[in-house]
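# Geometric and topological summary
One-letter residues, chain by chain:
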Amino acid sequence: MWNDDPLSVCAQTIPVYVTVNPIPEPANIAITPSTCPASTSRVVFKTPAGTAPFTYWLDGVGQSSNTFNNLAQGGYSARIRNGDGCDWEDIITVPLNTQQQASFDAFPHEGDSHLYVFFRNESTGATSYQWLIDEASYSNTFNTNYTFADTGTYTVSLIAYLNDPACADTATVTIRVNPGIRIALPNIFTPNGDGVHDKLMVQLFGVSTPRWEVYTRWGNLPHSGNDAGGAEFLEILDGADAPAGVYSVVLTATGINGKTETMQVMVAVVY
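Below or above, wherever it landed, is the structure these notes cover. (Residues numbered from 1 in each chain as written. Predicted model: local features only at pLDDT ≥ 70, side-chain atom pairs only at ≥ 80, totals over all residues. Heavy atoms only, no water.)

## Re unusual backbone geometry
At the junction of alanine 52 and proline 53, the peptide bond is cis and its omega measures out at 0° in the coordinates. Mapped onto the fold, proline 53 is located in the loop between β3 (41–48) and β4 (55–58). With an omega dihedral of -5°, the bond running from phenylalanine 107 to proline 108 counts as a cis peptide bond. Counting through the fold element by element, proline 108 comes out in the loop between β10 (104–107) and β11 (110–112). The backbone of aspartate 59 shows a phi angle near 50°, a positive value even though the residue is not glycine. Residue classification places aspartate 59 among the partly exposed positions, given a relative accessible area of 45%. At histidine 197, a residue that is not glycine, the phi angle is positive and equals roughly 55°. Along the chain, histidine 197 turns up in the loop between β19 (188–189) and β20 (199–205). (Helix = DSSP H or I, 4+ residues; strand = E, 2+ residues; numbered from the N terminus. Buried < 20%, exposed > 50% of the residue type's maximum accessible area, 1.4 Å probe, protein only.)

See below:
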């Protein structure tokens, strides 16, 4: 500061002090997870900056204590105000401590249709169970099993929980079902000209290249054949070429999965 004299000989300097109070940010926040299904979490705000007294809020509920008890899982809006009127704000998350763990194994994980699979429950800490196949409810037993008739990839899930479904834990396993070989061959046909079962037909599932041999009861081989067209229905024997009697039909089928199976059926020709 100075006056109007030309030499400013009367200038004077006076220091000015500005105090900035600290934001009451806590040095540490201790969070105890909530045990499902009970709301048992605890939050403790430790050593906030600034001068007392302090006021603490969680989701708009204020108190003088730095400890909040019996909290549920979830996110909370936290605020602290110190005696200087300064505020600190943040979002804190209370985690969930689940006591149960869902787990299971499948025997087998992969195979040919029709595929029978046994599911062994290996969960811990749970009291109730729900099995799902491709998100569709299937069973609520401890262990379970299922036969997959169709080829494809399936997701099997086990939901395990303790008393309250809100505490559920989920485990999943993928099952792969490959095309298996299935053969439907009758053991009798009646080539009497009535238009019903006049020919011996075989129905094939998952077969790429079948081969057949028809033997008489004396071991002769009057008929044989093969197919590479992947037909579902094939004619094995025409009644016009087969006198009445019993024949041994040997069918060898190579599947789409690359495996080969052989079956033998005794077929009666009845006029």
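## Some words on the packing of aromatic side chains
Tallying each qualifying case throughout the model produces eleven aromatic pairs. Residues tyrosine 129 and phenylalanine 142 carry aromatic rings whose centres are separated by 5.3 Å and whose planes lie at 85° to one another, so their mutual orientation is edge-to-face. Here the residue tyrosine 129 occupies a position in strand β13 (residues 128–133), and phenylalanine 142 occupies one in the loop between β14 (136–139) and β15 (144–148), the gap between them amounting to 13 residues. Accessibility expressed as a relative area gives 13% for tyrosine 129, which makes it buried. An angle of 90° between the planes, with centres 5.0 Å apart, marks the rings of tyrosine 138 and tyrosine 146 as edge-to-face. Joined through ring pairs, the aromatic side chains of Phe45, Phe54, Tyr56, Phe68 and Trp88 make up one cluster. Its guanidinium or amino end placed over the ring of tryptophan 57, arginine 79 lies 3.8 Å from that ring's centre, counting from NZ or CZ. The ring of phenylalanine 205 is capped by arginine 182, whose NZ or CZ atom sits 4.3 Å from the centre of that ring. (Phe/Tyr/Trp six-rings, centres within 6.5 Å; stacked < 30°, edge-to-face > 60°. Lys NZ or Arg CZ within 6 Å of the ring centre and 35° of its normal.)

## Here we look at the pattern of salt bridges
All chains considered together, the criterion is met by six salt bridges. Put simply, glutamate 89 and arginine 79 hold a salt bridge, and the shortest N to O gap is 4.0 Å. With a gap of ten residues between them, glutamate 89 in strand β8 (residues 87–94) and arginine 79 in strand β7 (residues 74–81) connect regions that are remote in the sequence. Assessed through its relative accessible area of 56%, glutamate 89 is described here as exposed. Each of Arg79, Arg81, Asp87 and Glu89 takes part in salt bridges that share partners, so that together they form one network. (Salt bridge = Lys/Arg side-chain N within 4 Å of Asp/Glu carboxyl O.)

## Thoughts on the sheet that holds β15
If you walk across this open sheet you meet the three strands as β10-β12-β15, and the pairing is antiparallel. Lying at the two open borders of the sheet, with one neighbouring strand each, are β10 and β15. When strand polarity is set aside, the average angle formed by the axes of neighbouring strands in this sheet is 20°. As paired strands, β10 and strand β12 (residues 115–121) are joined by four bridges and run antiparallel to one another. The partner of phenylalanine 104 across the bridge, within β12, is asparagine 121. (Pairing = 2+ DSSP bridges. Axes fitted to C-alpha atoms, helices over the stretch in contact; angles between N-to-C directions.)

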